[in-house]
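# Fold and contact review
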There are 2 protein chains.
Amino acid sequence: MAYTISEAARLMSVSPSTIRYYDKEGLLPEVKRQNGIRMFDEVDFGWLRLLMCLKKTGMPIKRIKEYVELSKKGDATLLERYELIRAQRQFVQDQIEQLEYYMEELDFKDWYYRKALEIGSEKAIDYNEYEQETGHKKP
Amino acid sequence: MAYTISEAARLMSVSPSTIRYYDKEGLLPEVKRQNGIRMFDEVDFGWLRLLMCLKKTGMPIKRIKEYVELSKKGDATLLERYELIRAQRQFVQDQIEQLEYYMEELDFKDWYYRKALEIGSEKAIDYNEYEQETGHKKP
DNA sequence: ATAACCCTTAAAGTATACTTTAAGTCAAGG
DNA sequence: CCTTGACTTAAAGTATACTTTAAGGGTTAT
C-alpha cells in the first residue's frame, strides 16, 4: 500500500509541509513519486518512525541527516551508526534521569501548594513538615 | 551572601547574558542592585532553581513568566499556581513515559546493529531473533 | 591617572524548526 | 470544458530562546 503526503502526515500526526520539509532536508531517502507526487510505502514509514523517534528524543535535524547519509552508504558504516544509536540511547537515559530529578522538585512544590491552600497562606509553611509527612528530602 | 551576575551564572551553569535575558523578561522578581549592579541572594537562587526546573522540563518562558506574575500577587493565586504545578508534573510524567517508549525503539536498533556487525551485513538480519534473544517485542 | 576588568543597556544577530505564501500542475466530476 | 481539490516548488515569514555587539560606567591595581 502507498499513501499520499497528506495521508502519511495524518498517520504520523504531523502536517504535510513538515514532511515536505524533512524530505527537502534529506531525512527521507527513497521516497518514490508518481507523476511528481510523493507516494509513501512501508519503507518510508519505517524511516518516518525512526525520524520521529530521534526527533522526539532530542536529536537535531542535522544529526539525523548524518545518520541517514551513513545508512545510504551501506554496511561500511555499520559501526558508526551503531555508535550514533548508542550515544542517543545514553542521551535518552540521561534525559529520563534529569526529568526524574526535576520531578522531585515539582513534588515538593505540589506539597507546598497543598499545604498553603490548607492553611490559606504560603507565609506560614514549615518546610520541615515536608520530610516528616512524605519521607522525601526537600530538594 | 550575595553574588554578582557572573558568579550566579557560574553557579547555575548558564551565561551571564542568559540571566540578564531572564531578568529582562520578568522571570526574576526582586533582584536587588548595588550601584545599578545586580546582586543575587538566596531568594534569587531559589527563583533561578525553580526557573531551571520549569525550563528543563519544557515549560516555555512565557508560561514561566505567568507563574512568576501569579506568585507576585500573593495568596490569592495559590490555587492557580497549584494547578500550574500539577499540569507541569503531569507533563513531565508524560515525557518520561514517551522517552521510555522511544527507548524501546533504540534498544531494538542497538540489537540490530550488534547483529549486523556480528554478521558483517544488515541485509541478512532475521527480525524474529530479536524477540527470541531479548524477550522484547520488536517496536 | 590610567589601564584592567567587571558591570550596565538597547538593539541587532543567530540557530533551529518549522509554517505560510504565491504561483503553478494535474486528475476527476458535473 | 472547466472548476474543484490535492499535489508541487521556492522563498519568505514566524516563534523561541538566546547571543552578540556597541557604547558606556564605576571600582581597583599599578
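Preceding this section is the structure that the text describes.
Now for a description of the structure that goes with this document. (Residues numbered from 1 in each chain as written. Chains lettered and ligands numbered in written order. Predicted model: local features only at pLDDT ≥ 70, side-chain atom pairs only at ≥ 80, totals over all residues. Heavy atoms only, no water.)

## Description of the layout of surface pockets
Estimates place the volume of the largest pocket at around 820 Å³. What lines the largest pocket is a set of 22 residues, among which A:Gly46, A:Trp47, B:Lys109, B:Tyr112 and B:Tyr127 lie closest to the centre. Where the lining of the largest pocket is concerned, the elements lending two or more residues are helix H3 (42–56) and helix H4 (61–72) of chain A together with helix H5 (78–119) of chain B. Residue classes in the lining of the largest pocket are distributed as ten nonpolar, three polar and nine charged. Volume-wise, the second largest pocket comes out at about 690 Å³. Lining the second largest pocket are 21 residues, and of these A:Lys109, A:Tyr112, A:Tyr127, B:Gly46 and B:Trp47 lie nearest its centre. Looking at the lining of the second largest pocket, the elements with two or more residues in it are helix H5 (78–119) of chain A together with helix H3 (42–56) and helix H4 (61–72) of chain B. Considering every element that reaches the lining of the second largest pocket, the biggest residue donor is H5(A), with six residues. (1 Å grid on protein atoms, 1.4 Å probe; cavity = no way out; pocket = protein on both sides within 12 Å on 5 of 7 lines; lining within 4 Å. Points joined across faces, edges and corners; volume = space filled by probe spheres on them. Helix = DSSP H or I, 4+ residues; strand = E, 2+ residues; numbered from the N terminus. Nonpolar A, V, L, I, M, F, W, Y, C, P; charged D, E, K, R; others polar.)

## Points about the nonpolar core
Nonpolar side chains tend to gather and get buried jointly when the protein is soluble and globular. Within the largest apolar cluster, 80 residues are counted, with the highest numbers of intra-cluster contacts made by A:Leu28, A:Phe40, A:Tyr67, B:Leu28, B:Phe40 and B:Tyr67. Contacts of B:Tyr67, omitting those with residues within four sequence positions, involve A:Lys109, A:Tyr113, B:Trp47, B:Leu50, B:Leu54, B:Arg81, B:Leu84 and B:Ile85. (Core = buried A, V, L, I, M, F, W, Y, C linked by side-chain atoms within 4.5 Å. Buried < 20%, exposed > 50% of the residue type's maximum accessible area, 1.4 Å probe, protein only. Contact = heavy atoms within 4.5 Å.)

## Things to note about a negative patch on the surface
A cluster of acidic residues, A:Asp94, A:Glu97, A:Glu100, A:Glu104, B:Asp94, B:Glu97, B:Glu100 and B:Glu104, forms a negative patch on the protein surface. Secondary-structure elements contributing two or more residues to the negative patch are H5 of chain A together with H5 of chain B. Within the fold, A:Glu100 resides in helix H5. (Patch = residues over 30% accessible without salt bridge, like charges linked within 9 Å, V, L, I, M, F, W, Y side chains within 5 Å. Areas by Shrake-Rupley, 256 points an atom, 1.4 Å probe, with all protein chains shown as cover. Salt bridge = Lys/Arg side-chain N within 4 Å of Asp/Glu carboxyl O. Lys, Arg positive; Asp, Glu negative; His and termini not counted. Charge placed at Lys NZ, Arg CZ, Asp CG, Glu CD.)

## Digging into empty space enclosed by the protein
For the structure shown, the criterion picks out two cavities of 30 Å³ or more. In this structure, the largest cavity spans a volume of roughly 30 Å³. Lining the largest cavity are B:Leu27, B:Trp47, B:Leu50, B:Leu51, B:Leu54, B:Ile64, B:Tyr67 and B:Val68. The set of elements that each furnish at least two residues to the lining of the largest cavity consists of H3 and H4 of chain B. The element that contributes the greatest number of residues to the lining of the largest cavity is H3(B), accounting for four residues. The computed volume of the second largest cavity comes to approximately 30 Å³. Mapped by element, the contributors of at least two residues to the lining of the second largest cavity are H3 and H4 of chain A.

## Some points on the protein's contact with DNA strand D
Around DNA strand D sit 17 residues in total, of which A:Ser6, A:Arg33, A:Arg38, B:Thr18 and B:Tyr22 are the nearest. Within 4 Å of the protein, the contacting atoms of DNA strand D are 80% sugar and phosphate, with bases supplying the remainder. Contact between DNA strand D and B:Ser15: a phosphate oxygen at 3.5 Å from a side-chain N or O atom of the residue. With respect to DNA strand D, the side chain of B:Lys55 contributes an N or O atom lying 3.1 Å from a phosphate oxygen. When residues of the surface near DNA strand D are assigned to their parent elements, the largest contribution, four residues, is made by helix H2 (residues 16–24) of chain B. The residue inventory of the surface near DNA strand D, partitioned by class, reads six nonpolar, seven polar and four charged. (Near = heavy atom within 4 Å. Polar contact = N/O pair within 3.5 Å; in protein donor to acceptor, adjacent residues only side chain to side chain.)

## Structural notes on the protein's contact with DNA strand C
Around DNA strand C there are 17 residues in total, and A:Thr18, A:Tyr22, B:Ser6, B:Arg33 and B:Arg38 lie nearest to it. Backbone atoms, meaning sugar plus phosphate, form 81% of the atoms of DNA strand C positioned within 4 Å of the protein. Contact distances for DNA strand C include 2.7 Å between a phosphate oxygen and a side-chain N or O atom of B:Ser6. Here a phosphate oxygen of DNA strand C sits 2.9 Å away from a polar atom, N or O, in the side chain of B:Arg33. Among the elements that make up the surface near DNA strand C, the one with the highest residue count is helix H2 (residues 16–24) of chain A (four residues). Of the residues that constitute the surface near DNA strand C, the class distribution is six nonpolar, seven polar and four charged.

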